[in-house]
Amino acid sequence: MDCVLCKIARGDIPSWKIYEDDYCIGVLDVSPCAPGHCLVIPKHHVEKFYDLPDDELAKLFVAAKTVARKIRTAYSPDHVCMFIRGGRLPHLHVALFPSTEGDGVSGFPQSNYPEQSVDLDASAELLRSA
Ligand SMILES: [Zn+2]
């Protein structure tokens, strides 16, 4: 499989590694939205966090917490933001970056979408029955 994050996790592609344990690595994003923007990446290929077994998910989030605390200590931001979407690369990665009040993620996600008119009763029923 020609997956860039698998190659980074194996060390086939150099990275700015700032964390590693038996399950995952933490590296600097090479296209950061802010100084200290990191990615926490499982060493094996998986696409979506909700497809992970619970024990692996726990390992991933404990590592994300460790990396988030490193960002907090190093940059003293108002917040450390966590973002997982999986659209840019097909290998699960937790994006963590320092965030300051008033920056591009303030008010996110609502700030990035036109105002919605949602039937909350219908949405709740749809989700409860899913
Ligand atoms: Zn991969």
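Before reading further, recall that the structure is shown in the block above.
Positions within a chain are numbered from 1, following the residues in the order the chain's sequence is written. Thresholds applied to this predicted model are a pLDDT of at least 70 for local features of residues and 80 or more for the giving and counting of side-chain atom pairs; totals over whole chains, interfaces and linings are not thresholded and use all residues. Working from all heavy atoms in the structure, the side-chain values ignore hydrogens and water.

Trainee: Could you give me a rundown of the sheet that holds strand β4 (residues 79-83), with the residues and numbers involved?
Mentor: The 5 strands are arranged β1-β2-β3-β5-β4 in an open sheet whose pairing can be described as antiparallel. Of all strands in the sheet, those bounded by a partner on one side alone are β1 (17-20) and β4. Across this sheet, the average inter-strand angle for adjacent strands is 20°, counted without regard to direction. Alignment of strand β2 (residues 24-28) against strand β3 (residues 38-42), held across 5 bridges, turns out to be antiparallel. In the strand pairing of β3, V27 is matched with L39. Seen against the sheet, helix α2 (residues 54-75) touches β1, β2, β3, β4 and β5 (94-99) and runs at an angle of roughly 25° to β5. Strands pair, by our definition, only if DSSP identifies at least two bridges between them. Numbering of helices and strands starts at the N terminus; helices are DSSP runs of H or I of at least 4 residues and strands are runs of E of at least 2. Where helices are involved, their axes are fitted lines through C-alpha atoms of the stretch in contact, as for all axes, and angles between N-to-C directions lie from 0 to 180°. The contact rule is simple, with two residues in contact once any of their heavy atoms fall within 4.5 Å.

Trainee: Summarise the pattern of salt bridges; cite the residues concerned and give the values.
Mentor: A carboxyl oxygen of Asp or Glu within 4 Å of a side-chain nitrogen of Lys or Arg is what we treat as a salt bridge. Evaluated as defined, the whole model comprises 7 salt bridges. Residue K59 is joined to D22 by a salt bridge in which the shortest nitrogen-to-oxygen separation is 4.0 Å. In this pair, K59 is assigned in helix α2 and D22 in the loop between β1 and β2, connecting sequence segments 37 residues apart. Only protein chains enter the accessibility calculation, which uses a 1.4 Å probe. A residue is then buried if its area is under 20% of the maximum for its type, exposed if over 50%, and partly exposed in between. Judged by relative accessible area, K59 falls into the partly exposed class, the value being 38%. Residue D22 is classed as exposed on the basis of its relative accessible area, which comes to 64%. For E125, the salt bridge is made with R128, and the minimal N-O distance between the two is 3.9 Å. Linking E125 with R128, this pair stays in helix α3 (residues 120-128), spanning 3 residues, or about one helical turn. A cluster of three or more residues bridged by salt bridges with shared partners is formed by K17, E20 and K43.

Trainee: An account of the coordination of the zinc ion is needed here, citing residue identities and associated values.
Mentor: Distances from the zinc ion to its protein donors, C3 (SG), C6 (SG), H45 (ND1) and H91 (ND1), fall within 2.0 to 2.3 Å. Coordination here is defined by N, O and S atoms within 2.8 Å of the metal (3.2 Å for Na, K and Ca), and since water is not considered, a site can look incomplete. Under this scheme a four-donor centre is tetrahedral when all angles range from 85 to 135 degrees, a four-donor centre is square planar and a six-donor centre octahedral when opposite donors are above 155 degrees with the rest from 65 to 115, and any other centre is irregular. Angles of 105 to 118° at the metal separate the 4 donor atoms of the zinc ion, which places the site in the tetrahedral class. Considered as a linear motif, the donors of the zinc ion on their single chain read C-x2-C-x38-H-x45-H. In this pair, C6 is assigned in helix α1 (residues 4-10) and H91 in the loop between β4 and β5, connecting sequence segments 85 residues apart.

Trainee: Pulling in residues and values, what's your account of the nonpolar core?
Mentor: Across soluble globular proteins, nonpolar side chains have a tendency to be buried as a group. Residues C24, V40, L52, L60, V67, V94 and L96 are the most contacted members of the largest nonpolar core, which totals 16 residues. Sorting the residues of this core by element identifies β3, α2 and β5 as the ones contributing at least two each. It is α2 that contributes the most residues to this core, 6 residues altogether. Here V94 is in contact with C38, L39, V40, L60, A64, M82, F83 and I84, once residues within four sequence places are set aside. I8, A9, I25 and A95 belong to the second-largest nonpolar core, a separate cluster that totals 10 residues. Grouping buried Ala, Val, Leu, Ile, Met, Phe, Trp, Tyr and Cys residues that are joined through side-chain atoms within 4.5 Å yields what is termed a nonpolar core.

Trainee: I'd like a rundown of the environment of A9, residues and numbers included.
Mentor: When you line up the elements, A9 lands in helix α1. A relative accessible area of 13% means that A9 is categorised as buried. Between the C-alpha atoms of A9 and F49, which are 40 residues apart in sequence, the distance is 17 Å. Ignoring anything within four residues of it in the chain, the contact list for A9 reads I25, P42 and K43.

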